[in-house]
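Each chain is listed here by its residues.
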Amino acid sequence: MNGILNWILWMPIIGMVAVLLTPKAKENVIRMISLVNTAITLVLSVILYLNFDNSTADMQFVVKIPWIEHFHINYYLGIDGITMLMTFLNALLFFICTLSSWTVDKSVKAYFALLLMLQSTVFGVFFALDFFLFYVYWEVMLIPMFFLIGIWGGENREYAAVKFFLYTFFGSIFMLVGIVALYYATGKGPESFSILALQGGRFVNEVVNIFGYEISFEKIFFWFMFLGFAIKVPVFPFHTWLPHAHVQAPTAVSVILAGVLLKMGTYGFLRIAFPIFPAAAVEYSTLIAVLGLISVLYGAFCAMAQDDVKKLIAYSSVSHMGFVMLGISAMTTQGVNGAVLQMFNHGTSTAMMFLLIGIIYERSHHRWIVRPDGTRGYGGLYTTHPKFTTVFIIGMFASMGLPGLSGFISEALIFLGIYQKFTTITVIAVLGLLLGAAYLLWMFKRMFFGPVNPECEKYSDMNAREIFYMVPLCICVILFGIYPSPLLNVMKASVGQLVELLAKF
Amino acid sequence: MIQQLFGFLSYYIPEVMVIVLMTTLLVAEAAVKDEHGSRKNIYTYALVVLGLTLIPLFQNLGKAPAHIFFNAVTIDSLSTITKIIMVIGTMGSILLSYTSKDIYSNLKSEFAIMAVGVLVGGMLLASANNFLTMYVGIETLSILSFVLAALKRDESTSAEAGLKYVLYGGLSAGVALYGISHIYGALGTIQFTEVFEKVAVLEGTKLTIVVVASILFFGGLAYKISAFPFHMWSPDVYQGSPISVTTFFSIVPKLAAFSALVRVSMVFFNNNTVLTNAWVGLLLVVAAMTMTVGNVTAIGQNSVKRLLAFSSIGHVGLMILGVAVLNEEGIRALIFYGIVYMFMTLCAFYITSHLNDTYGTDNYDIFRGLIYRHPLMAVIMVGTLLSLAGIPPFSGFVAKFNIFNIIIEKRYYGIAVVAAINSVISLYYYLRFAKIIIFGKADGNEAIAGFSSFNQAVIVAFFIPVLFLGIFWEKIFAFAGSATVFLK
């Protein structure tokens, strides 16, 4: 069992090599290789889940091999409860995305090779326990994303790809400065790049001398890390790359971007920024909560104003990730539990929304709710497309947080957690839920009800392949809405440890 | 005395070999007829001899460091490692000049002769142990470089490049010499080993004189590495010169000058607090300005050669930081950067050269949609660009990481932030370039012809270190770390 993380991490790379070795013309073989590969990864991640020990907050399945001995950099992997959920989510979404990408017919070989490379790097980010390794995966991930958006994206894809790359790089280069500063602050010892060894508030009393002023080390470098992760989440005011990237990206990449990549930002807060700089995190928690609140409301208002349905969902991601930030900033057990759960649930429900938009886009080749000339882009889908409508309703209500579906549990937990700390913010944040219901229902009304748009009658309903890959997500959304314990149990110990640590400061 | 000289020569075999190579090349060029076959033989001969030079160089690494020729020249690991990189860089440029059509075909061997001549000057500069040797090294390097820059003598841009280079070179050499004479006046010696002891007890007026003089002297070297504010010549010269010359300029003279800069900084400015502070302050400001000016100006460039010239100014800014920290880690980071930068430059220019030959221009647009026309070239070019921008898993990232490492170790957080912002700026124009290669649509998507399998093998060979050193860099890092300055 010890090497299983290696297998999960490198399995997509094996698939990528296999894809690259297949002749270009055999497109179906390439698709099958990717599908089988992602299926194996999914099975491996289920095996991982079955062997996961819920009772401990320690890292499990640890792999540690020296890499650069001069700097004590290791190839150091391990997972805890929070990572376990993300691993499963990543494996699941990539499997589904491979299926949904069946219709991609532009440079198929390169597309699937890059998709598999992306999967491996995302696993790398979640598994890495060595800061240097983490940074390498964090950056390498940008390369396949850049090409996936830039080659297979919409009309304005090049701009979106460059903007995405530059924004993330801007944050991460400051993170690199922070990583190196941490290395020297710990005295270049053998554990100086180990994320675990850096945790626990070791730098509370460190000071930095800047132009003669003594400033707390934590307070400066917390912001270096914050910048890196906040851009990724994205927290207001760093969110401006997201609508472009989402709208221009091909369906599968939007799903991955919203489903997993955004979670890397919040994961960074939970694993790195907060445990390494606990005092600063506690001190600035109000500010983080306020930024989260602004994200919730601002994202929701922006979503409401959109005429492009994909852009609407993109802004709803900003809003939902704002809830995660609120939960994290509460630093209470319920809050952080809710935040991690919301990371998972948002992954499944937003993935559904993006996939569904992709499905209808393949048929209509536009995404307008209301066209710029004022006419409806869709209308009456409810009567013409019953299967599509059913799945859409499940996804939409999950995203809205309707009781009985997954979004409700996580949002309720977040509010429970944050109410103890920031009462006013909680009251205002509830407005976000209301707005969420408003923009989603309004969108639904305009697309699915009303007179049947004659164009829509020509579109076929969901086919078997599409139904097949939506089913697992529907199950996740409904099952974890009723019975979230499998998820909560997994993360309980890890979250508990984090909350305990933060409570000391 | 004679015996002593022969003893010295055992250290000096590489230089002797290169000098012999240069003279024999000159004779051979005069002797052979203008036929392609015999020219190929000349090139093979030059490459083989340069390759053989590496053997005594590596042997010198194993020997104890020594000052030879009565303290005029020092053979230590810093100079030897620099020479190894320079020899490899020269080989790469000569190989490029052989395949490139940018130099008139009746002129090609001249490039090899003069490049080897510049290499001689560079080797002398790298191991100079007093100001006079250093000055001679700079001049040997420069005079032949002027000719190289003007090699395409029928074209006005090349002539302009040559003239610009001469004017700037003459001015900065004069300024440097002026500085050296003041240092001699204040200290009474030009010998580095003696300088090291004398500066420790320096004070009063003499100290002031030395501070001012050292800034003047810095001008001479700053010009060679094209640091701000002596960088203005480099884009014009890069653009005007033939591509193989540009490649050569961005590797060999720069590394030689960096080696000299390291030596001067370590002997001169490491032993007296006032001097050290002045020097470090100067270097930090120059580094920050150099990278900012280089990267910001690179944004608007449409000529690939110019773009790479400005980007190289940006890289020089980072490399200066390796000198500014004044310690062994700094030298290691600098040497590592030099090795990595050499391979990235060779990759980028090799590809640019072929496209330039095919289309007769070095405008951006020749790269449009390259992925559809020559996938291998496009993938390697994009990899090189990402490496230049410092994105893992390419070696450019490791080089940049090492620079961040040394400056943060010294707690220069301000300059670290400047370097970070510069990284983002540089990423912008590299991405703009990569965007054209991958996302662009060429007018006709016809495949690029004439890039022989030999050339493909060469670019792959240059690219392997770019990728490999980004993942398994410990060995080369340790090798770079063995570069130390020998002080007696």
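Because the structure is a prediction, the values reported are computed rather than measured. Per-chain numbering applies: the sequence of each chain, read as written, is numbered from 1 onward. Chains and ligands are labelled by the order in which they are written, letters from A for the one and numbers from 1 for the other. The model is predicted, so local features are restricted to residues of pLDDT at least 70 and side-chain atom pairs to those at 80 or more, both for listing and for counting; the totals for chains, interfaces and linings are taken over all residues.

Brief notes about the overall build of chain B
Phase 1: When you go through chain B residue by residue, the secondary structure sums to 20 helices and two strands.
Phase 2: In terms of overall dimensions, chain B is globule-like: its C-alpha atoms have a radius of gyration of 22 Å, near the 23 Å expected for 488 residues.
Phase 3: Seen through its principal axes, chain B has C-alpha atoms that stretch 70 × 55 × 45 Å.
Phase 4: Per-residue burial for chain B yields a buried fraction of 57% across its 488 residues.
Phase 5: Throughout, a pair of residues is in contact if the C-beta atoms placed from their backbones lie within 7 Å. Taking the intrachain contacts of chain B between residues at least 6 apart in sequence as the baseline, contacts between residues at least 24 apart amount to 79%. Secondary structure elements follow DSSP: runs of H or I no shorter than four residues count as helices, runs of E no shorter than two count as strands, and numbering proceeds from the N terminus. With C-alpha atoms as the basis for the radius of gyration, the globule rule is written as 2.2 Å multiplied by the number of residues raised to the power 0.38. Exposed residues have 12 or fewer other C-beta atoms within 10 Å of their own C-beta, buried residues have 20 or more, and residues in between are partly exposed; the C-beta atoms are placed from the backbone.

Some words on the interface of chain A and chain B
Phase 1: On the side of chain B, 24 residues touch chain A, which itself brings 26 residues to the contact.
Phase 2: Ranked by residues supplied to the side of chain A that touches chain B, first place goes to helix α7 (residues 157-185) of chain A with 13 residues.
Phase 3: Residues were grouped as follows: Ala, Val, Leu, Ile, Met, Phe, Trp, Tyr, Cys and Pro as nonpolar; Asp, Glu, Lys and Arg as charged; and all remaining residues, including Gly, as polar. For the side of chain A that touches chain B, a count of residues per class yields 20 nonpolar, three polar and three charged.

Looking at helix α19 (residues 423-448) of chain A
Residue and element names in this part refer to chain A.
Phase 1: Residue count minus one, scaled by 1.5 Å, sets the expected span of a helix. For α19, which comprises 26 residues, the first-to-last C-alpha distance of 38 Å matches the rise-based estimate of 38 Å (1.5 Å per residue) to within 8%.
Phase 2: Taken together, the buried positions of α19 are Ile425, Thr426, Ala429, Gly432, Gly436, Tyr439, Leu440, Met443, Met447 and Phe448.
Phase 3: Buried residues along α19 sit against α13 (285-304), α14 (309-330), α16 (381-384), α17 (386-400) and α18 (406-419).
Phase 4: Phi for Gly450, located one or two positions after α19, is positive at around 80°.

Observations regarding the packing of helix α14 (residues 328-359) of chain B against helix α19 (residues 453-471) of chain B
All names here are of chain B.
Phase 1: Orientation is described by lines fitted to C-alpha atoms, with helices fitted over the stretch in contact, and by angles between N-to-C directions that extend from 0 to 180 degrees. Between α14 and α19, the shortest axis-to-axis distance is 9 Å and the interhelical angle comes to 150°. Considering their axes alone, α14 and α19 lie roughly antiparallel with respect to each other. For the pair α14 and α19, the sense of crossing is left-handed. In this structure, α14 uses Val340, Phe343, Met344, Leu346, Cys347, Tyr350, Ile351 and His354 to contact α19, whose residues at the interface are Asn455, Val458, Ile459, Phe462, Phe463, Pro465, Val466 and Leu469.
Phase 2: Looking at the contact of α14 with α19, its residues break down into 14 nonpolar, two polar and no charged. Working definition: roughly parallel below 35 degrees, roughly antiparallel above 145 degrees, roughly perpendicular at 65 to 115 degrees, and oblique for all remaining angles. Working rule for handedness: look at the near helix, and if it is turned counterclockwise from the far one by less than a right angle, call the crossing left-handed; if clockwise, right-handed.

So, helix α5 (residues 131-140) of chain A
Residue and element names in this part refer to chain A.
Phase 1: Counted residue by residue, α5 has 10 buried out of 10 residues, so it is predominantly covered.
Phase 2: Buried residues of α5: Phe131, Phe132, Leu133, Phe134, Tyr135, Val136, Tyr137, Trp138, Glu139 and Val140, and no others.
Phase 3: Buried residues in α5 make contact with β2 (73-79), α4 (108-127), α6 (142-152), α7 and α8 (195-198).

Describing the nonpolar core
Phase 1: Leu85 and Ala273 of chain A together with Cys347 of chain B are the most contacted members of the largest nonpolar core, which totals 378 residues.
Phase 2: The dominant element in this core, judged by the number of residues it contributes, is α14 of chain B, at 19 residues.
Phase 3: Leave out the neighbours within four places in its chain, and Leu85 of chain A touches Val340, Phe344, Leu487, Val490 and Met491 of chain A. To define a nonpolar core, we join buried Ala, Val, Leu, Ile, Met, Phe, Trp, Tyr and Cys residues through C-beta atoms within 7 Å and take the resulting set.

Details of the environment of Leu116 of chain A
Residues and elements named next belong to chain A.
Phase 1: Turning to its location among the elements, Leu116 is positioned in helix α4.
Phase 2: Between the C-alpha atoms of Leu116 and Ser34, which are 82 residues apart in sequence, the distance is 7.4 Å.
Phase 3: Setting aside anything within four residues of it in sequence, one finds Leu116 in contact with Pro12, Gly15, Met16, Val19, Ser34 and Asn37.

Let's talk about the confidence of the model for chain B
Phase 1: pLDDT is a residue-level measure of predictor confidence that goes from 0 to 100. The predicted model of chain B averages 88 in pLDDT, with 98% of residues at 70 or higher.
Phase 2: Here the predicted complex scores 0.93 on pTM and 0.91 on ipTM.

As for unusual backbone geometry
Phase 1: With an omega of -10°, the peptide bond running from Val233 of chain A to Pro234 of chain A counts as cis.
Phase 2: As for its placement among the helices and strands, Pro234 of chain A is situated in the loop between α9 (217-232) and α10 (241-248).
Phase 3: Omega for the bond connecting Pro392 of chain B with Pro393 of chain B falls within 30 degrees of zero, at 5°, which places this linkage in the cis form.
Phase 4: Position of Pro393 of chain B relative to the elements: it lies in the loop between α16 (375-389) and α17 (395-409).
Phase 5: The phi dihedral of Met331 of chain A is positive, around 60°, even though this residue is not glycine.
Phase 6: Looking at the secondary structure, you find Met331 of chain A in the loop between α14 and α15 (333-364).

Describing the environment of Val495 of chain A
All names here are of chain A.
Phase 1: With respect to the secondary-structure elements, Val495 resides in helix α22 (residues 485-503).
Phase 2: As for Val495 and Ile393, which are separated by 102 residues in sequence, their C-alpha atoms are 32 Å apart.
Phase 3: Apart from residues lying up to four places away in sequence, Val495 is in contact with Gly81, Thr333, Val336, Asn337 and Val340.

Side note on the pairing of strand β1 (residues 60-68) of chain A
Residues and elements named next belong to chain A.
Phase 1: Relative to β2, β1 is paired through six bridges, and the arrangement is antiparallel. Across the sheet, residue Val63 finds its bridge partner in β2, namely Leu77.
Phase 2: In this description, strands pair whenever DSSP reports at least two bridges between them. Between the antiparallel neighbours β1 and β2 lie four residues, among them His72 with a positive phi of about 55°.

A few points about the packing of α16 of chain B against helix α18 (residues 413-439) of chain B
How two helices pack is summed up by the angle between their axes together with the distance between the axes.
All names here are of chain B.
Phase 1: Interaxial distance between α16 and α18 falls to 9 Å at its minimum, and their mutual angle equals 170°. Between α16 and α18, the interaxial angle falls into the category roughly antiparallel. In this structure, α16 contributes Ala378, Met381, Val382, Leu385, Leu386, Leu388 and Ala389 to the contact, and α18 contributes Ser426, Leu427, Tyr430, Phe433, Ala434, Ile437 and Ile438.
Phase 2: Looking at side-chain class alone, the contact of α16 with α18 contains 13 nonpolar, one polar and no charged residues.

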